[in-house]
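Fold and contact review
Given next are the chains, with one letter for each unit.
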Amino acid sequence: MLFDPSNNDVGYPPGVRRLDDSIRAAREIGMRFHPTRGAMTIGQSKGGLPPDEVCEEHDAVLKDMARLIDEFHDNSKCVRPATPCEHL
């Protein structure tokens, strides 16, 4: 089974790890899954589109993307976990 979302999952308030749960669920049922972990780092107060409260700091985004790759990327069932939406 293949699931490849056409929309990038962005807008992670600090501390939220929704993608982890989705990847684990896909693994439990043996589904090939191409999740994407996006990021919004420039809030409205700095001229960006999203509300400031859903934005993350650049360093935190990069650290979490590296964590997702280290923890979940396996070249067979789970690929492409990092897809930023803004310049990092």
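To be clear, the structure that these remarks concern was listed above.
Residues numbered from 1 in each chain as written. Predicted model: local features only at pLDDT ≥ 70, side-chain atom pairs only at ≥ 80, totals over all residues. Heavy atoms only, no water.

Quick look at the nonpolar core now. Judged by nonpolar contacts, Leu19, Ile23, Ala26, Met31, Phe33, Leu68 and Phe72 together constitute the single largest core of 7 residues. Contributions of two or more residues to this core are made by α1 (18-28) and α2 (58-72). A per-element tally of this core places α1 first, with 3 residues. (Core = buried A, V, L, I, M, F, W, Y, C linked by side-chain atoms within 4.5 Å. Buried < 20%, exposed > 50% of the residue type's maximum accessible area, 1.4 Å probe, protein only. Helix = DSSP H or I, 4+ residues; strand = E, 2+ residues; numbered from the N terminus.)

Turning next to the pattern of salt bridges. Under the counting rule described, the total for this entry stands at 5 salt bridges. Put simply, Arg67 and Asp20 hold a salt bridge, and the shortest N to O gap is 2.8 Å. Taken together, the residues span a long stretch of sequence, with Arg67 in helix α2 and Asp20 in helix α1 at a distance of 47 residues. Exposure remark for Arg67: the relative accessible area of 17% places this residue in the buried category. With a relative accessible area of 5%, Asp20 lands in the buried category. The salt bridge partner of Arg67 is Glu71, with a shortest N-O separation of 3.2 Å. Placement of both Arg67 and Glu71 in helix α2 is noted, with a separation of 4 residues, approximately one turn of the helix. Taken together, the salt bridges that share partners define one network made up of Asp20, Asp21, Arg24, Asp64, Arg67 and Glu71. (Salt bridge = Lys/Arg side-chain N within 4 Å of Asp/Glu carboxyl O.)

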